[in-house]
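Spelled out, the chains give:
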Amino acid sequence: MSRFIAPSMLSCDFGKLSREVDMVNRSQADYIHLDIMDGVFVPNISFGFPVVSAIARESKKPLDAHLMIIEPDRYIENFSRMGISCLSIHYEASLHLHRSLQKIKSYGMKAGIALNPHTPASSLNDIIQEADFILVMSVNPGFGGQNFIENSYRKISRIKEIINNQNPGCMIEVDGGVTRENAPLLYDAGADILVAGNSVFGSEDPLKAIKQIKGV
Ligand code: DX5
Ligand code: ZN
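The following refers to the structure shown. (Residues numbered from 1 in each chain as written. Chains lettered and ligands numbered in written order. Predicted model: local features only at pLDDT ≥ 70, side-chain atom pairs only at ≥ 80, totals over all residues. Heavy atoms only, no water.)

Bringing the overall build of the chain into the picture now. Counting its secondary structure elements, the chain contains eight helices and eight strands. A globule of 216 residues ought to have a C-alpha radius of gyration of about 17 Å, and the chain, at 16 Å, matches this closely. When its C-alpha atoms are laid out on the principal axes, the chain stretches across 45 × 35 × 30 Å. Burial analysis of the chain (216 residues in total) assigns 53% to the buried set. Sequence-distant contacts, at least 24 apart, represent 65% of the contacts inside the chain between residues at least 6 apart. Within the chain, one finds 21 positive and 24 negative side-chain charges whose respective centroids are separated by 4 Å. (Helix = DSSP H or I, 4+ residues; strand = E, 2+ residues; numbered from the N terminus. Rg over C-alpha atoms; globule rule 2.2 N^0.38 Å. Buried < 20%, exposed > 50% of the residue type's maximum accessible area, 1.4 Å probe, protein only. Contact = heavy atoms within 4.5 Å. Lys, Arg positive; Asp, Glu negative; His and termini not counted. Charge placed at Lys NZ, Arg CZ, Asp CG, Glu CD.)

Pasting the structure below:
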């Protein structure tokens, strides 16, 4: 079982983007998490390709892009050209999820399925074989700094069971409301990667916060 952490740039100071990426480069983070929002799938707009490419130029960590957008297929190729390593798309935004996951993998990226809090773990039964990772939303997508939804622990355990039975190599990423207090419980429940925005960038000492969440 892994204990990876992916700081989410959504909560960083975009006026000091270069310095923020440098901090993550120097940290024990395993990935950089990029939240892409279109104002349609979620009630917020974040950032697009110019910002992704600025981060990609400076990042020494693999990039993990989380697409909270409708019609994600239209942009898969662009994200691969930006140097994204892991690309997740939402179950709720995909009409032909099997095909979309194949497409992501055909560009050499890891393919992830993101699930909104209301989408049951059992939705994965006939598609888990195609996924490299599952992104479990533990808040409603759209904003950083929200409170963790407690039901997520149960959901993570159920997903872990499905993974153990059908695709043992598949990882679980948990996104939203992660803190250094709930991090050990989430890793215990079966999470491999924790996304953390506010608890890293809102902290006085982000390098220390990353270490604490990872538990090292
Ligand atoms: C929310 C995003 C998250 C967000 C997490 O829609 O997917 O990645 O940045 O932020 P925190 O850790 O502050 O909840
Ligand atoms: Zn995210």
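The N-to-C vectors of helix H1 (residues 17-26) and helix H2 (residues 49-58) enclose an angle of 45°; their axes lie 10 Å apart at closest approach. Of the possible angle classes, the one that applies to H1 and H2 is oblique. The handedness of the crossing between H1 and H2 comes out as right-handed. Counting all contacts with H1, which are made through Leu17, Ser18, Val21 and Asn25, the residues of H2 involved are Val51, Ala54, Ile55 and Glu58. Class assignment for the residues of the contact of H1 with H2 results in five nonpolar, two polar and one charged. (Axes fitted to C-alpha atoms, helices over the stretch in contact; angles between N-to-C directions. Parallel < 35°, antiparallel > 145°, perpendicular 65-115°, else oblique. Left-handed = near helix turned anticlockwise from the far one by under 90°. Nonpolar A, V, L, I, M, F, W, Y, C, P; charged D, E, K, R; others polar.)

Binding of the zinc ion (ligand 2) to the protein goes through His33 (NE2), Asp35 (OD), His66 (ND1) and Asp175 (OD), at separations of 2.0 to 2.3 Å. Between the six donor atoms coordinating the zinc ion (ligand 2), the angles at the centre fall across 70 to 169°, so the site counts as octahedral. Read in sequence order, the donor residues coordinating the zinc ion (ligand 2) give the pattern H-x1-D-x30-H-x108-D. Taken together, the residues span a long stretch of sequence, with His33 in strand E2 (residues 32-37) and Asp175 in strand E7 (residues 171-175) at a distance of 142 residues. (Donors = N, O, S within 2.8 Å, 3.2 Å for Na, K, Ca; no water. Tetrahedral: all angles 85-135°; square planar, octahedral: opposite > 155°, others 65-115°.)

Here the focus is unusual backbone geometry. Although it is not a glycine, Glu71 adopts a positive phi angle of roughly 45°. Tracing the backbone shows Glu71 in the loop between strand E3 (63-68) and helix H3 (76-81).

The strands that make up a sheet pair up through hydrogen bonds in the backbone, lying either parallel or antiparallel. Here eight strands make up an open sheet; going across it, the order is E1-E8-E7-E6-E5-E4-E3-E2 and the pairing parallel. Each having just a single partner strand, strand E1 (4-7) and E2 make up the two edges of the open sheet. Averaged over all pairs of adjacent strands, the angle between their axes in this sheet comes to 25°, without regard to strand direction. Pairing between E7 and strand E8 (residues 193-196): three bridges, direction parallel. Within E8, the residue paired with Glu173 across the bridge is Ile193. Contacts between helix H5 (residues 152-166) and the sheet are confined to strand E5 (110-115), strand E6 (133-137) and E7, with E7 contributing the most and set at about 165° to the helix. (Pairing = 2+ DSSP bridges.)

In short, shape yes, function no, at least from these values alone.
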